[in-house]
Each structure stands twice: as C-alpha cells, then as structure tokens.
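The primary structure of each chain is shown beneath.
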Amino acid sequence: MSTFQAPKGTYDLLPPDSATYLAVRDAISTPLRNSGYGYVETPGFENVELFARGVGESTDIVTKEMYAFETKGGDRLALRPEGTASVLRAALEANLHKAGNLPVKLWYSGSYYRYERPQKGRYRHFSQVGAEAIGAEDPALDAELIVLADQAYRSLGLRDFRILLNSLGDKECRPVYRAALQDFLRGLDLDEETLRRAEINPLRVLDDKRPDVQKQLTDAPLLRDYLCDACKAYHEQVRELLVAEGVAFEDDAKLVRGLDYYTRTTFEFVHDGLGSQSAVGGGGRYDGLSEMIGGPSLPSVGWALGVDRTVLALEAEGVVLDLPAATSVFAVPLGDEARRVLFAKVTELRRAGVSADFSFGGKGLKGAMKNANRSGARFTLVAGERDLAEGVVQVKDMESGEQEAIAVDQVVEVLRARLA
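For the structure given in this document, a descriptive report is provided here. Quick caveat: nothing in here was measured; it's all calculated off a predicted structure. (Residues numbered from 1 in each chain as written. Predicted model: local features only at pLDDT ≥ 70, side-chain atom pairs only at ≥ 80, totals over all residues. Heavy atoms only, no water.)

## Looking at the nonpolar core
Quick reminder of the rule: Grouping buried Ala, Val, Leu, Ile, Met, Phe, Trp, Tyr and Cys residues that are joined through side-chain atoms within 4.5 Å yields what is termed a nonpolar core. Between buried and exposed lies partly exposed: a residue is buried under 20% and exposed over 50% of the maximum accessible area for its type, with that area taken using a 1.4 Å probe on protein chains only. Per the convention used, a helix needs a DSSP run of H or I reaching at least four residues, while a strand needs a run of E reaching at least two, with both numbered from the N terminus. Should any heavy atoms of two residues lie within 4.5 Å, those residues are considered in contact.
With 43 residues, the main nonpolar core has I134 and L185 as its most contacted residues. Residue assignment for this core shows that the elements contributing at least two residues are α2 (48-54), α4 (84-93), β5 (104-113), β6 (125-134), α6 (174-186) and α8 (203-206). If sequence neighbours within four positions are ignored, I134 has contacts with L88, A91, L102, P103, V104, L106, Y286, L298, P299 and S300. Membership of the second largest hydrophobic core comes to 42 residues, among which are W107, A149, L158 and L242.

## Here's the deal with the pairing of strand β7 (residues 161-167)
Within a regular beta strand, the side chains point alternately toward one face of the sheet and then the other, so they alternate between its two faces. To be explicit about the condition: DSSP-based pairing: two strands are paired if at least 2 bridges between them are found.
For β7, the buried fraction is high: 6 of the 7 residues fall into the buried class. The sheet contact formed by β7 and strand β9 (residues 263-271) spans 7 bridges and is antiparallel. Following the sheet pairing, R162 is matched in β9 by V270. Taken together, the 2 bridges between β7 and strand β8 (residues 250-251) define a ladder with parallel strand orientation. In the sheet register, L164 faces β8, and the bridge partner there is E250.

## A few points about the pattern of salt bridges
To keep it simple, the criterion reads: Think of a salt bridge as a Lys or Arg side-chain nitrogen and an Asp or Glu carboxyl oxygen that are within 4 Å of each other.
Summed over the entire model, instances satisfying the criterion amount to 25 salt bridges. Its salt-bridge partner being E250, residue R162 comes within 2.8 Å of it at the nearest N-O pair. Of this pair, R162 sits in strand β7 while E250 sits in strand β8, and the two are 88 residues apart along the sequence. You can call R162 partly exposed: its relative accessible area is 28%. Its relative accessible area of 33% is what places E250 among the partly exposed residues. Residue D272 is joined to R162 by a salt bridge in which the shortest nitrogen-to-oxygen separation is 3.0 Å. Of this pair, D272 sits in the loop between β9 and β10 (279-285) while R162 sits in strand β7, and the two are 110 residues apart along the sequence. Note on D272: relative accessible area 52%, which makes it exposed. Bridged by salt links that share partners, the residues E46, R89 and E93 form one connected network.

## Things to note about the pairing of β10
Counting buried positions along β10 gives 6 out of 7 residues, so the element sits mostly inside the fold. The pairing of β9 with β10 spans 6 bridges and is classified as antiparallel. Residue pairing in the sheet places T263 in a bridge with R285 of β10. The pairing of β10 with strand β11 (residues 300-306) spans 5 bridges and is classified as antiparallel. Within the sheet, the bridge partner assigned to G283 lies in β11 and is W303.

## A word on the sheet that holds strand β15 (residues 392-397)
Cut-off, in case you're wondering: As a rule, the C-alpha atoms of each element are fitted with a line to give its axis, helices using only the stretch in contact, and angles between N-to-C directions run from 0 to 180 degrees.
The sheet built from 5 strands is open, its strands ordered β13-β12-β14-β15-β16 with mixed pairing. Unpaired on one side and paired on the other, β13 (356-358) and β16 (403-407) mark the two borders of the sheet. When the angles between neighbouring strand axes are averaged without regard to direction, this sheet yields 25 degrees. Relative to β16, β15 runs antiparallel, the two sharing 5 bridges. Within β16, the position partnered with V395 by the bridge is E404. Lying over the sheet, helix α14 (residues 365-375) contacts β12 (329-333), β14 (379-383) and β15, oriented at roughly 175 degrees with respect to β12.

Function-wise, these values are silent; they only describe arrangement.
See below:
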C-alpha cells in the first residue's frame, strides 16, 4: 500500500466508476451544446477578492469554506469554491459581451473546492457542470436553463428529482423585504454569530439548516409578499413558460440559495433519495454580479449541477446507465510474428473507429484470455504460427463462445460490420 493517501474529504475517480461520471458530464452538457452554449475553462484558483465580492463576505463559503493562500509574490489567491464568478470574470476580461451577440452563452465542467465537514455527498473537492447566459434579462432565458437541466436529468433516466422555484426580487423591492426580515430576526433568540450575519445579509439566516433556528423562522416574513410589480410579472412569465413546456416545479417561498449574488429567479434541484444532502444542483439570476466585480451592467442567469450528487441520485433510484464497453476487440498474439501482425490489426481497427486493446507483456493463452474477459470486449482475436501460415486469425465471439477463422486482410472489415 502507498504511504500517501488522498487528502481528507477528497476522492479519486478510477475505472470502471469513472465511466459513469463521464457519462453524467456528457448528458448534462449535451443539451447545452445543442442550445448555443460554448465551452469555457478557467483557472483552478482566482484572486480572493473575486469571490469575496461576488459570492459575498457574509457567506459560509467565503468566511469558513474557502481555501485561501498567499503566493510567494504576495498575491492573495483562493481555490475556486464555485464557477459563476470565474466564468463571468473570464467573459469580461475577454470582452465577449462587446462582440454584439448577447446573451453570451457558456458552459463549463471542472473541480471546485470547499473546506467542509466531509460526509456522503459533501466533499472538499467536488465536480460540477455549469451553464451561464450573460448579458440579457429575459424570463425565457431563465426558463431555457431550467428546461435544459430538466432535460439532462431525464435523459439519464432520473425521475425522482424535484425543482424548487422562487424569486428573490431586485434592487427595488429586496431592500424593503431585507429591513422587514431584519426587524423580525432581531426579536428571535439567536446566537451572536447568527445575529451578526442577520445585520450583514439577513437572507442567509433563512438558509440556516439548524433545527432550533428553523423552528424560530416559521413566521418569518416571505419575500414573495414584498415583490414589486415588475418582479412579480417577471416571475410569473418564468412560471408560465415552464408550465407550457411540461416542466414540473414547486414554489418554495423560503428558497434563498447560499450565494449573495442571486436576484429574481432562483431554483434548486433536489433529490429525496440523498438524505440531508438533497440538493443535486441549482442556480438563478444574478443581475448585479458583473458590477460587483468591476464590470458593466450585465444581467445574467446560470446554474451548476453536481456530478457527484447526480451519480448518488442515480444510485438512489437504481438507475444503471447503459455504458458502451471501453474495449470492443481484444487481440491475443501467440508468438513474435503474431504479435507484429495483430499489433498492426489493432492499430488499423482503432483508425477505423473501433475501440481495441492488446495483450501486452507476453502472457500465455490462458492469462491473455483472462485479460480479454476482464476488458469486456465483444470479440477476441487470437493468432498463432499455424493460423498465420494459413493466412487467418481466429475471431471469438465472447458472448456466444463461437469461434471462426477469418482471413487476415478481412478482419477489420468483418469486425466493423459485426459491431455495427
């Protein structure tokens, strides 16, 4: 066993399980790629100030969970705890919003880092696929993103997830609600830290998961009762578009999400099969974030879906993905001449788009056939001196067990046809 182990709260992704993660990433990104979203990749670390300003000084993410450090050159950096601020920063830096085609639609995939208490479904390093539509204020854009996430989950075979929906208002109506909520919170029996948070950002208190806090929040004022007419109309249009598309959702007046930058539409995807870590993804509109990080006014909306959580949701529902075998053909050479000939055939098969592997290490027939079995290949090619003298290769169907001799120069053509 190695002296070193993965850091606490992290995990290694290895075959065969990694194939499921790749399939989940692909299923989430496919609807985005089909809807005009281009791929973006950002650094794994950014300036600390980007997250402090964007995510919010009072959030747990910034105050407790961010991996922050100082470089040898004196720069204050942080491993990215979420994707939106980085993607928006990259889009602004590249002036994508000035190219004339708004919204700028981007999708991304990567690892994110938060110093949390590790438990099932909550890691210190986790994987997400996200989407951002930057520079347009349109209820249809909010609805599009929710529809695409719903489509992605359904394409994986998930059925037992729920979409929670709320509106957080805007800079006109949110301050009025904020003041009413603060008045309410000041009258509760809360600890000093929570009261301090209530003064900075009272909406964060609504997101507190502690039962003794939640019990006191039963009669808290609801944001929906404070929405201005414009926000009410906007939210109603989002709801109508989702209903028209047959996307089921639940109105959740207490949904606030854990990031300060959200405005108006906010939503969460939850799966009841995951216990306390029920959120598999979520997002919302963040109309003021661009200005918070020094950019122009660019109303935007986006989401991030957890790959790890989605895999757990699939397990909870007993959904087994139909994954293609990593190897379709496995070649077993017996002798040096066969090794040369079959290596050439494997290379030819790969060039023809067939996944093929080779018995390396000079194993005997028995050991090599065990490897062929483990590879999951549908067909095995076996050749020895006698076969090559006759100009053939033995092709074994690993499902039926049938074996037949095929002319060496016809092997690729025959296998391609059978695998098709």
